[in-house]
Amino acid sequence: MAEKSIECQNTLVRYNNPTLVIKHDDRKGDDVPKSPRPVSGSIGDSRKETEEILNSILPPRVWEEDGQLWCQTVSSTPATRQDVINLQEMLDTRLQQSQARETGICPIRAELYSQCFDEIIRQVTINCTERGLLLLRVRDEINMRDEAYETLYCSSVAFGMRKALQAQEGKELLQERIRQLEEEKSLLEAAISDMKVKADQNERRNAELRESEEKKHSEEIAFLKKTNSQLKSQLENIIKK
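Since the model is a prediction, treat every value here as computed from it, not as a measurement.

1. Some thoughts on the overall build of the protein
Here is step 1: A tally of helices and strands in the protein yields four helices and four strands.
Here is step 2: Helices and strands in the protein line up, N terminus first, as β-β-α-β-β-α-α-α.
Here is step 3: Summarising the internal contacts of the protein: among those between residues at least 6 apart in sequence, 62% fall at separations of at least 24.
Here is step 4: In the structure as shown, the protein presents an accessible area of about 19200 Å², 53% of it carried by carbon and sulfur atoms.

Laid out in structure tokens, this is it:
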């Protein structure tokens, strides 16, 4: 199986060099699988078991390039103290280059720390399989917790949006109701003004009628008094005769 000596630049996890899995035959147009290289007899069962566990924890990377299918497995080489220092420096460099936020929610920072954690799991698994599997459980639990928080956050955002829309709709209904009440108020105020005008007119008309009736009554009384006086004078003259 052919090998391709390239570095995995987009992850902090250490991988082996990619190996060619399938190469297209231009003459037949079919995929022809290549036979794998024989495994060296110096590799013990424990190392093969470790590699299998590593591949289950960190699955191989498979992609197609120029009609060829490549596979890249995670490295089973033990890490030295310098490798750990280099990992820390690489993490800091990637954080700075990607301009990841130092606080708050940042997908870029979360992804880089996730890759760093995977690399630590790889290093620990090579030295102690049980410890690596325990760290895997911790990683999966953290991922489940983060997914739960993300789901809760999305639900709360959707709930907040619904409440905001309901509040906006209720506000529009209240504004429409206020407009209707203001129109009713204007109509009632106009009706009150008309009634006041009519009331003033009726009051003036009644005052004029009352004054006219009083004047007429006064004239009748004066006429009756004058008539009475004349009749009284006539009666006195008749008596004197």
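2. With respect to the side chain of Arg 109
Here is step 1: With respect to the secondary-structure elements, Arg 109 resides in helix H3 (residues 107–127).
Here is step 2: Among buried Asp, Glu, Lys and Arg side chains, Arg 109 stands out as unpaired, with Glu 102 the closest opposite charge at 8.4 Å.
Here is step 3: Of the polar contacts made by the side chain of Arg 109, one reaches the backbone oxygen of Arg 101; its length is 2.4 Å.
Here is step 4: Ignoring any residue separated from it by four or fewer positions in sequence, one finds Arg 109 in contact with Leu 95, Ala 100, Arg 101, Glu 102, Thr 103 and Gly 104.

3. Brief notes about the pairing of strand E3 (residues 61–65)
Here is step 1: Judged from the five bridges that link them, E3 and strand E4 (residues 68–72) form a sheet pairing that is antiparallel. Pairing of Glu 64 across the sheet is with Leu 69, part of E4.
Here is step 2: The loop that links E3 with its antiparallel partner E4 comprises two residues; one of these, Asp 66, has a positive phi angle of about 55°.

4. Some details on the side chain of Asp 118
Here is step 1: With respect to the helices and strands, Asp 118 occurs in helix H3.
Here is step 2: Residues contacting Asp 118, with those up to four places away along its chain left out, are Val 13, Leu 58 and Arg 139.

5. Remarks on the nonpolar core
Here is step 1: Core analysis: the largest hydrophobic core is formed by 10 residues, namely Val 13, Tyr 15, Ile 53, Leu 54, Ile 57, Leu 58, Val 74, Ile 121, Ile 126 and Leu 136.
Here is step 2: Residue assignment for this core shows that the elements contributing at least two residues are helix H1 (45–57) and H3.
Here is step 3: Sort the elements by how many residues they give to this core and H1 lands first, with three residues.
Here is step 4: Residues in contact with Leu 54, not counting those within four places in the same chain, are Val 74, Ser 75, Ser 76, Arg 122, Thr 125 and Ile 126.
Here is step 5: Leu 12, Leu 91, Ala 100 and Cys 116 belong to the second-largest nonpolar core, a separate cluster that totals eight residues.

6. Let's talk about unusual backbone geometry
Here is step 1: With phi around 55°, Asp 66 is a residue other than glycine that occupies positive phi space.
Here is step 2: Tracing the backbone through its elements, the reader meets Asp 66 in the loop between E3 and E4.

7. What to know about the layout of surface pockets
If a probe as big as a water molecule is rolled over the atoms, it shows which places are left empty.
Here is step 1: Taken as a whole, the second largest pocket encloses approximately 610 Å³ of empty space.
Here is step 2: Considering the residues around the second largest pocket, the lining is formed by 18 residues, among which Cys 106, Ala 110, Asp 146, Glu 147 and Glu 150 are closest to the centre.
Here is step 3: Broken down by secondary-structure element, the contributors of at least two residues to the lining of the second largest pocket are H3 and helix H4 (129–240).
Here is step 4: Per-class residue counts for the lining of the second largest pocket are nine nonpolar, three polar and six charged.

8. Side note on the packing of H1 against H4
Here is step 1: The interhelical angle for the contact between H1 and H4, taken along N-to-C directions, is 5°, at an axis separation of 11 Å. Classed by the angle they form, the pair H1 and H4 counts as roughly parallel. Residues Thr 50, Ile 53 and Ile 57 of H1 form the contact with H4, whose participating residues are Thr 129, Leu 133, Leu 136 and Arg 139.
Here is step 2: Broken down by class, the residue content of the contact of H1 with H4 amounts to four nonpolar, two polar and one charged.

Reading the values: rules and limits
Sequence order as written defines the numbering, with residues in each chain counted from 1. Whole-chain, interface and lining totals are the exception, using all residues; otherwise, since this is a predicted model, local features are given only for residues with pLDDT of at least 70 and side-chain atom pairs are given and counted only at 80 or more. Remark: hydrogens and water are excluded; side-chain values derive from all non-hydrogen atoms of the structure. Only DSSP runs of H or I covering at least 4 residues are called helices, and only runs of E covering at least 2 are called strands; the numbering of each starts at the N terminus. Residues are treated as being in contact if the distance between any of their heavy atoms lies within 4.5 Å. Surface accessibility in these figures is a Shrake-Rupley result with a 1.4 Å probe; residues are shielded only by whichever protein chains are displayed. Relative accessible area decides the class of each residue, using a 1.4 Å probe on protein chains only: under 20% of the type maximum gives buried, over 50% gives exposed, and in between gives partly exposed. Positive charges come from Lys and Arg alone, negative charges from Asp and Glu alone, with His and the N- and C-terminal ends not counted. Each reported salt bridge corresponds to a side-chain nitrogen of Lys or Arg within 4 Å of a carboxyl oxygen of Asp or Glu. The definition of a polar contact used here is a pair of N or O atoms within 3.5 Å, where within protein one atom must be able to donate a hydrogen and the other to accept one, and adjacent residues in sequence count solely through side-chain atom pairs. Between any two strands, pairing holds if DSSP finds at least two bridges. Each nonpolar core is a collection of buried residues, namely Ala, Val, Leu, Ile, Met, Phe, Trp, Tyr and Cys, held together in the definition by side-chain atoms within 4.5 Å. Residues are said to line a cavity or pocket when one of their atoms sits within 4 Å of a point; the points come from a 1 Å grid over protein atoms alone, cavities being sets where a 1.4 Å probe fits but cannot get out and pockets being open sets with protein on both sides within 12 Å along at least five of seven lines. Grid points are joined across faces, edges and corners, and a volume is the space filled by probe spheres set on the points. Charged means Asp, Glu, Lys or Arg here, nonpolar means Ala, Val, Leu, Ile, Met, Phe, Trp, Tyr, Cys or Pro, and polar covers whatever is left, Gly included. Axis lines are fitted to C-alpha atoms, over the contacting stretch for helices. Their N-to-C directions set the angle, which ranges from 0 to 180 degrees. Here roughly perpendicular refers to angles of 65 to 115 degrees, roughly parallel to angles under 35, roughly antiparallel to angles over 145, and oblique to all remaining angles.

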